[in-house]
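# Observations on chain architecture
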Amino acid sequence: MGEEVEDMDQVVIANRLSDGLVVFLAAAPGSLQGEWKLRLEQASVASDDARAQELLALGVAAARQEQKVIEPYLIEVERTAEGLRPTLYRERIRCQGPTVRTDLGKQAEAREV
Amino acid sequence: MYHYDEYDHALVQDRVAQFRRQVERRLAGELTEDQFRPLRLMNGLYLQLHAYMLRIAIPYGTLDARQMRKLAYIARRYDKGYGHFTTRHNMQFNWPKLEETPDILAELASVEMHAIQTSGNCIRNVTSDQYAGAAEGEIEDPRIWCEIIRQWSTLHPEFSFLPRKFKIAVTGSEADRAAVKVHDIGLIMRRDGAGQAGFEVIVGGGLGRTPFIGKTIRPFLPKEDLLSYLEAILRVYNQLGRRDNKFKARIKVTVHETGAEEFTRLVEAEWLQIKDSALKLPKQEVDRIARHFEPPAFRVLSKTAPATEARIARDRDFAAWVRHNVAAHKVSGYAIANISLKPIGKPPGDATAEQMDVVADLADAFSFGEIRVTHAQNLVLPHVERDRLPELYDRLAAAGLAASNIGLISDIIACPGLDYCSLANARSIPIAERITERFADRDRLELIGEMQIKSSGCINACGHHHVGHIGILGVDRKGEEHYQVQIGGSASEDAALGRILGRGFSADEVVDVVEKIVDTYLAHRNAGETFIETYRRIGQDPFKERVYGAA
Ligand code: SF4
C-alpha cells in the first residue's frame, strides 16, 4: 500500500449573522456546546478527520438551531512558529482581513500572507 | 437633478420598513439564511469574504452635496470610515452590520437614495456619461432618458425575474464615456437626417466569461419610442434567454445564439405590437422629467480665465492637473473638474468619509452642489467656473484629492478582488497599487500619455479587464494567485476586446510585465501616437517578444 497520509489540521470557520464577521468554532471534545470566536488562535483545532467531522457537525447543528452564524465549513490550517495559518491563501485573507487598508481592522495587526 | 415625488418616497420608505421587519425576524432566528438571503439581496446586502457588503445605487452617477454628506456620515457611523465607488455608479460599504442595515437604509431614504435592484436578475442601475448636462457637443442631457428608464424599470413586474441581470447605459454625446457597447443595452443619442434627436440602439454587449461588443440593432430610434422599444427587447430576451446555464443566460449569448439579424427581426415584430401603446412617451411627460435636469443658473462669464492662465504658467503641478483632470464645458467660462480617486499606492475608487465631506463642500462652493461619479471610479464636479480652478485645486490638494492622472496609466480601474469579494480568484487592488507606485514619476506619466489599465479578480470582469488597453485578470492556479495579461482592448467609441498575450504570471511578475509592455510601446511609437494606436499599427508580436523573449 502507499504511504500513510497525514491528516491535516482543520478548524471550522463561518460568518457571524449579526455583523458578518469571520468566526471560528471552539468546543471541547465530546461537548455539545460550542462558542464562536473572532480569532483563529481561539479555534479548536482538529488534528484528525474524525474530530474535524465532529466539530463540523456541531457547527452545522449550532448554525441551524441557534441561527447565529452562516455557512460553517472546515478549512485546513498548519501550525507555524507564528501560530495557525490556513493553507489556502483565500482563507488566509479571510482570517487576517484584507491585505489593503492595513491601517484598519484586524489587518492592522501584524500579518503575513 | 431629479427629486422624488410622493410615490417614490412612499415606495422607498415602505421597503425600508419591510426590510427592518425581515431583519428582525432573521436575527430572532425565525428565518433561515436560505429564506433570508433573497430578501437581503433584493435590498443590496451581500455577504462577502469578511463581512456584509451594502451596494447603494447612484442613479446615472448623479449625486448632490447633501447625498454625498450622507454617504460620509454612513461611512463614519456605520462602517470603517470609507466607501468604494464601483464601475457601475454604485457605492459599496464593506463593513455594515446586518442589525444596523435597516437604519442605514432609512438614512439613505431620507436623502432619496436606496439599494433596490442592485442585485438579482432584474434591470440594474442605469449608467450614463459623467459629463451629462455639461459636455461640449452633447445632443441632449442623457439623464432625462436615464430617469425615464429608471421609473419604467423600477419594480417592473414583467422584468423582475429575467434570465440574468440586465444593465443599460446611455450617452448623450458621440464621445462614449459610459462604455455603452459593453452593456446589455447601450443607447447613444444621435440626430437623424431631419435633425431630430433619437437613439442608436446597441444590444448584447457584455464582459465576463464570454465578452462581446454589442451589436447595433437599430441605427436610429425616435425618442418617444424609447420605452416601447426597450420593452420589446426585454420581452424577446425574457422569452428566449437561456435559463439552463447561468453562464449563458445574459442577453449577449441570446443575441449571439439567435443571430443579430433574427434577434432584430423578433424585436421589431414585438415592437410593432406595442409601439403605440401606453409606453409611447407623451411630450408633456418628457418635459416634466426634463425640468428636473434644467441647467443650473450659470453666470455670464468671459471666455478668458486670467487667474487660471497665470497659475498654469508658473505652477507645473497645477498645469498638469488642468491638462488631465479638467474638461471643456458647454457654457463659456465654465469647466468640468475631475477628482481622481487614484492616488499613488491607494485602492482605486476608495474615498474616506473626510474626503466625501470635502467633495460635498466643494460641490456646494464651486459646482451648484452637483457631483458625478464615473464608471472609471472617479468623481466629477461638473460646473466649475474656469477662473476658480486654482482655488478648487488647492482645496482638493489639501484633502489628498488632487492626483493629476485622469486617463493616464495610474488611473486604473480595479475591482475589489480577493481582498473583499467572495467570488474572487486573486487580488486586484494590490496589483493596481503597485502599478501606480511603479509609474509615479510625473515625466514618465506624461511621456506614456493616454493609457487605461483595468484589472479584475475573476472572470466576472467587474474591473472591465477585457476592454483595458492593458487588461489584467486574476486566475487561480493550483491554489495560488496568478494573472493573465491581455492588451489592445478599448471601452470607448472604438470599443474592442483585448487579446491574451500568452501564459500568465505570478503576482510578483505582473508589474514588470506591464512595464515591459509600456517600454515596447515607447520604443515603437511614432510621434504623437497613443498606446492603443501603436498597438493597432504594430500588432501583438513585438509586445510578446519583449515579454516572453524571442521564440
Ligand atoms: S470581477 Fe470577480 S473578484 Fe472582481 S468584484 Fe467582480 S466578482 Fe469579485
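Notes on the structure in this doc start here.

### Some remarks on the packing of helix H16 (residues 507-524) of chain B against helix H18 (residues 541-548) of chain B
Residue and element names in this part refer to chain B. Their axes nearest at 9 Å, the elements H16 and H18 cross at an angle of 135°. One finds that H16 runs oblique with respect to H18. Pair H16 / H18 crosses with right-handed handedness. For the pair H16 and H18, the contacting residues are Val513, Lys516, Ile517, Asp519, Thr520, Tyr521 and His524 in the first and Pro542, Phe543, Arg546 and Val547 in the second. For the contact of H16 with H18, the residue count by class is 6 nonpolar, 2 polar and 3 charged.

### Here we look at the pairing of strand E4 (residues 82-85) of chain B
Each regular strand displays side chains that alternate between the two surfaces of the sheet. Residues and elements named next belong to chain B. Judged by which residues are buried, E4 turns out to be covered on both faces: Tyr82 and His84 on one side and Gly83 and Phe85 on the other are all buried. Note: E4 against strand E13 (residues 350-352), 3 bridges, orientation antiparallel. If you follow His84 over to E13, its bridge partner there is Asp350. Direction of pairing for E4 relative to strand E5 (residues 90-93): antiparallel, over a ladder of 2 bridges. Its bridge partner being in E5, Phe85 is matched across the sheet by Met91. Hairpin geometry of E4 and E5 is characterised by an intervening segment of 4 residues between the two adjacent antiparallel strands and by a positive phi of about 55° at His89.

### A short note on the interface of chain A and chain B
Across the boundary between the two partners, chain A contributes 22 residues, which contact 37 residues of chain B. Where chain A packs against chain B, one counts 0 salt bridges. For the interface between chain A and chain B, the tally reads 10 residue pairs in polar contact (both at pLDDT 80 or more). Sorting the residues of the side of chain A that touches chain B by element identifies strand E1 (9-16) and helix H2 (89-96) of chain A as the ones contributing at least two each. Sort the elements by how many residues they give to the side of chain A that touches chain B and H2 of chain A lands first, with 4 residues.

### Quick look at helix H5 (residues 142-153) of chain B
Residues and elements named next belong to chain B. The end-to-end C-alpha distance of H5 is 16 Å, a good match for the 16 Å that 12 residues give at a rise of 1.5 Å each. Burial of H5 is extensive: 11 of the 12 residues sit out of reach of the surface. Immediately beyond the C-terminal end of H5, within one or two residues, lies Leu155, with a positive phi of roughly 55°.

### Side note on the side chain of Asp315 of chain B
When you line up the elements, Asp315 of chain B lands in the loop between helix H10 (306-314) and helix H11 (316-325). In this structure the side chain of Asp315 of chain B is engaged in a polar contact, spanning 3.0 Å, whose partner is the backbone nitrogen of Asp317 of chain B.

### Side note on the state of the cysteines
Enumeration according to the criterion identifies 0 disulfides over all chains in this entry. Cys95 of chain A takes part in no disulfide bond, and the closest cysteine sulfur to it belongs to Cys421 of chain B, at a distance of 17 Å.

### A look at the side chain of Asn94 of chain B
Residues and elements named next belong to chain B. Structurally, Asn94 is set in the loop between E5 and helix H4 (101-110). With relative accessibility at 8%, the residue Asn94 sits in the buried group. If near-sequence neighbours (up to four positions away) are discounted, Asn94 is found in contact with Ala51, Tyr52, Met53, Asp79, Tyr82 and Tyr420.

### Digging into the site of the ligand
Around the ligand, the surrounding shell consists of Cys415, Pro416, Gly417, Cys421, Leu423, Ala424, Ser456, Gly457, Cys458, Asn460, Ala461 and Cys462 of chain B. Split into classes, the residues belonging to the shell around the ligand amount to 8 nonpolar, 4 polar and no charged.

### Considerations on unusual backbone geometry
Residues and elements named next belong to chain B. Positive phi, normally seen in glycine, also occurs at Tyr60, with a value near 40°. Relative to the elements of secondary structure, Tyr60 occurs in the loop between strand E2 (52-57) and strand E3 (62-64). In this structure, Leu155 is a non-glycine residue whose phi angle is positive, near 55°.

### A closer look at the sheet that holds E5 of chain B
Residue and element names in this part refer to chain B. Strand order across the open sheet formed by 5 strands is E1-E2-E5-E4-E13, with antiparallel pairing between neighbours. On the outer flanks of this sheet lie strand E1 (45-47) and E13, each paired with one strand and no other. Neighbouring strand axes in the sheet, compared pairwise and without regard to direction, differ in orientation by 30° on average. Sheet strands touched by helix H3 (residues 65-78): E2, E4 and E5. Its angle to E5, the strand with the most contacts, is close to 15°.

### Overview of the sheet that holds strand E3 (residues 35-37) of chain A
Residue and element names in this part refer to chain A. Spatially, E3-E2-E1-E4-E5 is the arrangement adopted by the 5 strands of the open sheet, whose pairing is antiparallel. Of all strands in the sheet, those bounded by a partner on one side alone are E3 and strand E5 (83-86). Within the sheet, the average angular offset between the axes of one strand and its neighbour, ignoring direction, is 50°. For E1 and strand E4 (residues 69-80), the ladder comprises 7 bridges, and the chain directions are antiparallel.

### Some words on helix H1 (residues 6-27) of chain B
Between its first and last C-alpha, H1 of chain B extends 32 Å over 22 residues, near the 32 Å set by a 1.5 Å rise per residue. Those residues of H1 of chain B not exposed but buried are Asp8, Leu11, Val12, Arg15, Val16, Phe19, Gln22, Val23 and Arg26 of chain B. The buried residues of H1 of chain B occupy an angular sector of 130° when the element is viewed end-on, so they sit on one face. Looking at H1 of chain B, the residues exposed on the side facing more than 90 degrees away from the buried face are Glu6, Tyr7 and Asp14 of chain B. Residues of H1 of chain B that are buried sit in contact with E4 of chain A together with helix H2 (33-41), E1, H4 and H5 of chain B. With a side-chain oxygen lying 3.1 Å from the backbone nitrogen of Tyr7 of chain B, the N-terminal cap of H1 of chain B falls on Asp5 of chain B. Immediately downstream of H1 of chain B, the backbone of Gly29 of chain B shows phi near 80°, a positive value.

Calculation criteria
- Residues numbered from 1 in each chain as written.
- Chains lettered and ligands numbered in written order.
- Predicted model: local features only at pLDDT ≥ 70, side-chain atom pairs only at ≥ 80, totals over all residues.
- Heavy atoms only, no water.
- Axes fitted to C-alpha atoms, helices over the stretch in contact; angles between N-to-C directions.
- Helix = DSSP H or I, 4+ residues; strand = E, 2+ residues; numbered from the N terminus.
- Parallel < 35°, antiparallel > 145°, perpendicular 65-115°, else oblique.
- Left-handed = near helix turned anticlockwise from the far one by under 90°.
- Contact = heavy atoms within 4.5 Å.
- Nonpolar A, V, L, I, M, F, W, Y, C, P; charged D, E, K, R; others polar.
- Buried < 20%, exposed > 50% of the residue type's maximum accessible area, 1.4 Å probe, protein only.
- Pairing = 2+ DSSP bridges.
- Salt bridge = Lys/Arg side-chain N within 4 Å of Asp/Glu carboxyl O.
- Polar contact = N/O pair within 3.5 Å; in protein donor to acceptor, adjacent residues only side chain to side chain.
- Expected span 1.5 Å × (residues − 1).
- Disulfide = S-S within 2.5 Å.
- Near = heavy atom within 4 Å.
- Arc of directions from axis to C-beta.

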